[in-house]
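Residues per chain are reported as follows:
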Amino acid sequence: MRLLTTISLSLGIIASAFGQEKEHDAPKKGPIHFTKHKVSSETYESVGVADINADGHPDLISGAFWYEGPTFIQRHFITEVKRVQEYWDDFSTIPIDVNGDGKMDIITGGWFEATLFWLENPGNNGPWKKHVIDETGNIETTRAYDLDGDGHVEIIPNNPNQPLKYYKLIRNAQGQGTGEFKKVDVADKQGHGLGFGDVNEDKRIDIILNNGWLEAPKDPNGKWFHHTDFDFGDASVPILVVDVNKDGLNDLIVGQGHGYGLDWYEQKKDSKGKRSWVKHNIDPYNSQYHTMEWVDIDGDGVEELVTGKRFRAHNGNDPGANDPVGVYYFKWNGESFTKNIISYGSLGEGKGAGIYFSIEDLRKSGRKDVIVAGKDGLYIFYNDGGR
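Residues numbered from 1 in each chain as written. Predicted model: local features only at pLDDT ≥ 70, side-chain atom pairs only at ≥ 80, totals over all residues. Heavy atoms only, no water.

A closer look at unusual backbone geometry
Following Gly 69, the chain continues to Pro 70 via a peptide bond in cis, the omega torsion being 10°. Residue Val 237 is joined to Pro 238 through a cis peptide bond whose omega torsion reads 10°. With respect to the helices, strands and loops of the structure, Pro 238 is situated in the loop between β20 (225-227) and β21 (240-242). Even without glycine at this site, Gln 288 takes up a positive phi of about 60°. Looking at the secondary structure, you find Gln 288 in the loop between β24 (275-281) and β25 (289-295). Although it is not a glycine, Asn 315 sits at a positive phi angle of roughly 55°. (Helix = DSSP H or I, 4+ residues; strand = E, 2+ residues; numbered from the N terminus.)

A look at the sheet that holds strand β2 (residues 32-40)
Read across the sheet, 4 strands follow the order β2-β31-β30-β29 without closing on themselves; strand pairing throughout is antiparallel. The two strands at the open ends of the sheet, each matched to only one other strand, are β2 and β29 (358-360). Each adjacent strand pair in this sheet contributes to an overall mean axis angle of 20°, direction not counted. In this sheet, strand β31 (residues 378-386) lies alongside β2 in antiparallel orientation, the contact comprising 8 bridges. Looking across to β31, one finds that Lys 38 is bridged to Tyr 379. (Pairing = 2+ DSSP bridges. Axes fitted to C-alpha atoms, helices over the stretch in contact; angles between N-to-C directions.)

Topic: the confidence of the model for the protein
When pLDDT is averaged across the protein, the result is 92; 92% of the residues are at 70 or more. Here residues 1-28 is a poorly scored stretch, pLDDT under 50, and it has 42 contacts once near neighbours within four places are set aside; other chains count. (pLDDT = per-residue confidence, 0-100. Contact = heavy atoms within 4.5 Å.)

Observations concerning the sheet that holds β24
With antiparallel pairing, 4 strands are arranged side by side in an open sheet as β21-β22-β23-β24. The open sheet terminates on both sides in strands that have one partner only, identified here as β21 and β24. Geometrically, the sheet is characterised by an average inter-axis angle of 25° between neighbouring strands, direction not taken into account. Pairing of strand β22 (residues 251-255) with strand β23 (residues 262-269), which is carried by 4 bridges, proceeds in the antiparallel orientation. By the bridge assignment, Gly 255 is partnered in β23 with Leu 262.

Structure follows, in structure tokens:
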């Protein structure tokens, strides 16, 4: 039976369709509820979470400031960030102890400076020192992923129309960062979109581009083979690699970063092992699905898709730029994705997704909260669970 992908908005608790519930059975929970909390009106588009001051509480890092947990009222200056029109040139926030001093640093970069760099945590309220990693070319955004399976993430910038490369933090014998990076070249060119995962079941991490996927070599120093199976246009960062329908083959979840559409592509293999991809709509009615995460947001042990519309990605020049904004989680029901609202509405009521958001348990409640920056402000959506 062919899978049909439809969109349905969950508005309440779904009653059991298989008879009357017994009195002693636990009530079925509906969609989880979130409490919206405004942190700042700053318009940076990226936010990370880390314990910056080592007090045991997670803090927020966004643009030129970090916000001290658990209240996130007190903010501290990090460094000046370049401003170009509506943009702040800060398109990712990757917390990592780069120099092995026990303090959490930040890796970031932007489109206009075309440079990947790390910011050194001084351990006090002084400004953070900026260290250039490489002049990479324009950075759409950057992601961290353990590509080689050694337990440490590599840093991979998305540089449209530039060579694809990643950066490996050089570590000492104790596994601590040294502050230096090794550059590894992967391919001559990349486009808009980037993802990571095992496409061909060989237990190695492949890299997904907007125009195909790069098969990881057996030899870490070998050549990556480009399979030109598809063309996703201005694809999301990341493109997610997950087995959506649990058939043993990893599928792809792709947003359109600068147009309408959110889809999953079902991986198929014929009797000869030839691979193909079948497109299924998740949400064709919203635009600028630029970033997303695959995480268990409702605590049932099964991951959901968390994403939203990037507000004014191209300063109002993308299709659907003036549509209402929102952040959502989509739950797979065995045949399709069900859309659940975290936030939705016009500017001031709804909240859009930025270019890099975070999901963390900020209150140590056992539930994952959603932290979203953007040109419409910095907000926390506290996860209150189902009701």
